Amino acid sequence: MSDNDSDTSEQQQEADLSSSDVVTKYKAAADIANGALDKIVRAVKPGAKLGELCSLGDKSVLDAVGTMFKGKAIEKGLAFPTCISPNSVAGHLSPAADDETTIHDGDVVKIDLAAHIDGFIACVAHTVVVQSEPVKGNTADALAAAHTALEAALRLVRPGKKIADVAGPLNTIVESYGCTLVEGVLSHQLKQFVVDGNKCILNRPNPEAKVEDGEFEENEVYALDILVSTGEGKPKITDEKQTTVYKRALDVEYRLKMAASRQVFSEINKNYPTMPFSTRVLDARNCRLGMVECLNHGLLHPYPVMHERAGAVIVQLKATVLLMPNGSDKVTGLAPQPHESEKSITDDDVKALLATSLKSKKKPKKKSKAGPAWLTPPPPPLGPRSPSFITSHGFATRLAAMRCCSADK
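- In the nomenclature of an unreviewed UniProt entry, the chain corresponds to Peptidase M24 domain-containing protein from the organism Apatococcus fuscideae.

### A word on the packing of helix α4 (residues 137-156) against helix α5 (residues 167-176)
Stage number 1. Taken N-terminus to C-terminus, the directions of α4 and α5 make an angle of 160°; their axes are 9 Å apart at the nearest point. Taken together, the axis directions place α4 and α5 in an arrangement best described as roughly antiparallel. Like other packed secondary-structure pairs, α4 and α5 cross with a definite hand, here right-handed. Each of Ala145, Thr148, Ala149, Ala152, Ala153 and Leu156 in α4 lies in contact with α5, whose residues at this interface are Pro169, Leu170, Ile173 and Val174.

### Quick notes on unusual backbone geometry
Stage number 1. Phi angles above zero are rare outside glycine, and Phe69 is one such case at about 50°.
Stage number 2. Among the secondary structure elements, Phe69 is positioned in the loop between α3 (50-65) and β1 (76-86).
Stage number 3. The backbone phi angle of Phe193 is positive, close to 65°, even though this residue is not glycine.
Stage number 4. By the element assignment, Phe193 lies in the loop between β6 (186-190) and β7 (200-202).
Stage number 5. For Phe193, a relative accessible area of 24% gives the class partly exposed.

### A look at the nonpolar core
Stage number 1. Residues Leu17, Val44, Val61, Ile84, Ile103, Ile111 and Ile121 are the most contacted members of the largest nonpolar core, which totals 52 residues.
Stage number 2. Taken together, the elements giving at least two residues each to this core come down to α2 (20-43), α3, β1, β3 (108-117), β4 (120-129), β8 (221-229) and β14 (314-324).
Stage number 3. Element by element, the count of residues in this core is highest for α2, at 11 residues.
Stage number 4. Not counting residues within four places of it along the chain, the set of residues in contact with Val61 comprises Ile32, Ala36, Gly77, Leu78, Leu113 and Ala115.

### Things to note about the sheet that holds strand β10 (residues 245-248)
Sheet strands line up and pair through hydrogen bonds in the backbone, either parallel or antiparallel.
Stage number 1. The sheet built from 3 strands is open, its strands ordered β11-β10-β12 with antiparallel pairing. Each edge of the open sheet is held by one strand with a lone partner, namely β11 (277-278) and β12 (300-303).
Stage number 2. Here β10 pairs with β12 via 4 bridges, running antiparallel. Opposite Val245, over in β12, you have Tyr303 as the bridge partner.

### A short note on α3
Because an α-helix completes one turn every 3.6 residues, residues spaced three or four positions apart along the sequence face the same direction.
Stage number 1. The terminal C-alpha atoms of α3, which comprises 16 residues, lie 23 Å apart, in line with the 22 Å expected from a rise of 1.5 Å per residue.
Stage number 2. Of the residues making up α3, those classed as buried are Leu50, Gly51, Leu53, Cys54, Gly57, Asp58, Ser60, Val61 and Val65.
Stage number 3. Taken together, the buried residues of α3 touch α2, β1 and β3.

### Side note on the pattern of salt bridges
Stage number 1. Scanning the entire structure with this criterion turns up 18 salt bridges.
Stage number 2. The salt bridge involving Lys136 is made with Glu340; its shortest N-O contact spans 3.8 Å. Here the residue Lys136 occupies a position in the loop between β4 and α4, and Glu340 occupies one in the loop between β15 (327-330) and α8 (348-354), the gap between them amounting to 204 residues.
Stage number 3. Glu340 gets classed as partly exposed once you look at its relative accessible area, which sits at 42%.
Stage number 4. Between Asp196 and Lys247 there is a salt bridge, with its nearest N and O atoms 2.8 Å apart. Within this pair, whereas Asp196 is found in the loop between β6 and β7, its partner Lys247 is found in strand β10, the two being separated by 51 residues in sequence.
Stage number 5. Since its relative accessible area comes to 7%, Lys247 is described here as buried.
Stage number 6. One continuous salt-bridge network, built from bridges that share partners, spans Asp21, Lys25 and Asp118.

About the thresholds
Residues numbered from 1 in each chain as written. Predicted model: local features only at pLDDT ≥ 70, side-chain atom pairs only at ≥ 80, totals over all residues. Heavy atoms only, no water. Axes fitted to C-alpha atoms, helices over the stretch in contact; angles between N-to-C directions. Helix = DSSP H or I, 4+ residues; strand = E, 2+ residues; numbered from the N terminus. Parallel < 35°, antiparallel > 145°, perpendicular 65-115°, else oblique. Left-handed = near helix turned anticlockwise from the far one by under 90°. Contact = heavy atoms within 4.5 Å. Buried < 20%, exposed > 50% of the residue type's maximum accessible area, 1.4 Å probe, protein only. Core = buried A, V, L, I, M, F, W, Y, C linked by side-chain atoms within 4.5 Å. Pairing = 2+ DSSP bridges. Expected span 1.5 Å × (residues − 1). Salt bridge = Lys/Arg side-chain N within 4 Å of Asp/Glu carboxyl O.

See the structure below:
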C-alpha cells in the first residue's frame, strides 16, 4: 500500500464517530440546530409570517456557524433550509422571505431545519401548537404518538439491530393513539456532506414501497424522522408551485442553453453543491426563469410540498442520534409541548421496549483472585507453542432520497 493509499484510508476511517473530532463537529452542529429551533419556537405566534420565520431560522444557523471553528478552512452552514409547515401540510414548506402567509391561533406548526460543520449534519424538527393551555383531543393524541414513537425508534436503532424490525413497533404505537404514520417518510443515515444516505428506515412500508434491510452499526449517525397524522397519512401534491426546496442531482450533467439558467446553476454549484437549499436564497432576477431549464433536464431534485386531507393534522418530530460505543446519544430535539392524551400504549412488547435504557450497561469488573504481586509466579518462557501475542478481531463494520432506497420521502 502506498503512502497516499494509507492517508486516504486513514481519512476515510476518521470520518465517523470513532474520531473525537467528528463527534465534536456533530455536537457543535446539533447545538446550532437546537438554538435556531428554539428561536423559531419562541417566535411562532398568531400573526407571525411564514417567510419571516424561515428567514429567522436560516439566519440563526448562519450566524452561529460563523462563530465556530474560526481560522479553519472548513465548510459550514445550512444542511437543510428552514421549513415551516402548518396543520395538514406534511413538510418542505419554505416560502420566500416576503411571503404574507401568517400563523393563526390553534395552528399546528412543524419546524424543520438542519445545520452542518465540515459536512457533519445535525437535523431537527419540532411541532408547536399555537395555544397557551395544554393540548387536548386528536392533536394531543398525535403529539403523544409522535413522541412515544421517537422514543421507541431511539431504542430500535442500535448496533446489531435490524432495519426491518423498526417499522412494526412504530406503527403499533401510533395506532394505539388512533393515528397513522405518514406514508413515504424515511429516516436516513447521515454521513459527511450526505443528508440522505443509502441506509434508511421506511416508517410505513407496504408491498409497493420497501427499503433494503440491513444492520445498524456502531459509529453510525441517523436522522430519525417521525410524522404522525390524525387522517389517513397519505399526503398528496396539490400545487407544484409551492415547491421551493431542491438539491443538486450529482449524477446528472447537461449543457444549459440559457444564460439565466447557467447563472443560477453556477450559484447552486458554488454555494449548495451537496446540501438542499431554498430558492429564496438565489438571485431573484434569474431564479424563476433559470430554474425551469435546470428542472426540465433533471439537474435538481425537488422536495415537494404535500398536503393531507382537509381537517387532518400532521405532527412531526425529528432527532439526530449518534450510535456511540456506550449507547445512543440523541443530540437534537426539544421537549414536547404539554399535552393530555386519554390514550396509551397497551402492547406489552412495546412497553418493555420503552422501559429499556438508551445507554449500554457497563460490565462489572471482575475482582482479581490473585494474591500480592510478590506471590505471583513469573510467566512461563516463550516457546514455539507459546505465541507472544494474540490477535483480536473487532466487529466494525431514499422526491431526492427515494432513488437511493426505492421509496418516496
